[in-house]
Amino acid sequence: MAAAFVAPAALVIILIVLIPLGRALWMSVFDIRLTRPGVEPFVGLGFGMGLALLMDQPLRWRWLLRTLVILPWALPTIVNALMWRWIDNAEYGALNALLTQTGVLHDYQPWLSDSDLAMWMVIIADVWKLTPLVAILLLAGLQSIDREVVEVARVDGAGPWQVFRHILLPLVTPVILILLVLRTMEAFKVFDLIWIMTHGGPANSTQTIAIYAYQTAYQGFDFGRGAALGYLIALVIMVLAAIYLRLLGRTGQTT
């Protein structure tokens, strides 16, 4: 009987909040571009792993690269959000200026007021903010690997891809699972970045469950439901963290 009363509210939350959030999480691990419809290669951690591999190379200016990479993460989230809101501004934003001056676009785009584009801009800002953290932790994992193992593989004829696929990637899998826990927690509770950039709009296209919980409690004055949504966020994070940690335990046993 109680389930019948809860079901409508649960359905609304799933349709309005969880599905858009899941869609955003899904898009964030694929290289999806409006100029290339139908082609959606999986990139996974992509940028973070690429930066980690680059910073792990014996480059002459490696220290400068590491300093520049960590800057986006070191800046406060509010500063990042305000910066990206200025970059994406439809009238005087740097992104429109760059794309029109280089001939990529002919007209300025309303990046943050277009329901089809706003979520992309939020994802880009979030990736830019937290990719350094992913890269630094992956770099730590890469540097903990015994270099003799890599050298032996190269002597045996393994190319860069074989070394990465069969040696580096399996050995840093525990770090990747930990990062999945951290990024999942961030994805569910991200608030300030989206609130400053879009306030969850336009037409709720960038509304996450954290934004919805805030609007329910402090704009709709329904503090009971807002508190329930907060506990729902915590519960989902705990379940996903338990799954990741279980996978991490299995990975540790196999290695």
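Residues numbered from 1 in each chain as written. Predicted model: local features only at pLDDT ≥ 70, side-chain atom pairs only at ≥ 80, totals over all residues. Heavy atoms only, no water.

Q: Can you tell me about the overall build of the protein, naming the residues and giving the values?
A: From N to C terminus, the protein includes 11 helices and 0 strands. Counted from the first residue to the last, the protein has its helices and strands arranged as α-α-α-α-α-α-α-α-α-α-α. Partitioning the contacts of the protein with sequence separation of at least 6, the portion at a separation of at least 24 is 60%. (Helix = DSSP H or I, 4+ residues; strand = E, 2+ residues; numbered from the N terminus. Contact = heavy atoms within 4.5 Å.)

Q: Got a sec to walk through helix α5 (residues 94–101)? Specific residues and values, please.
A: Along α5, the residues classified as buried are Asn96, Ala97 and Leu99. Two residues or fewer after α5 comes Gly103, characterised by a positive phi angle close to 85°. (Buried < 20%, exposed > 50% of the residue type's maximum accessible area, 1.4 Å probe, protein only.)

Q: A description of the pattern of salt bridges should follow, citing residues and the corresponding values.
A: It is possible for side chains of opposite charge to pair when their charged atoms get near one another. Under the definition given, this model contains 3 salt bridges. In this structure, Arg183 and Asp126 form a salt bridge, with 2.9 Å as the shortest nitrogen-oxygen distance. One end of the pair, Arg183, is in helix α8 (residues 160–189); the other, Asp126, is in helix α6 (residues 118–143), and 57 residues separate them in sequence. Judged by its relative accessible area of 22%, Arg183 falls in the partly exposed class. Relative accessible area serves as the criterion here: at 17%, Asp126 is assigned to the buried category. Between Arg225 and Asp222 there is a salt bridge, and its shortest N-O distance comes to 4.0 Å. Using a relative accessible area of 31% as the deciding quantity, one classes Asp222 as partly exposed. (Salt bridge = Lys/Arg side-chain N within 4 Å of Asp/Glu carboxyl O.)

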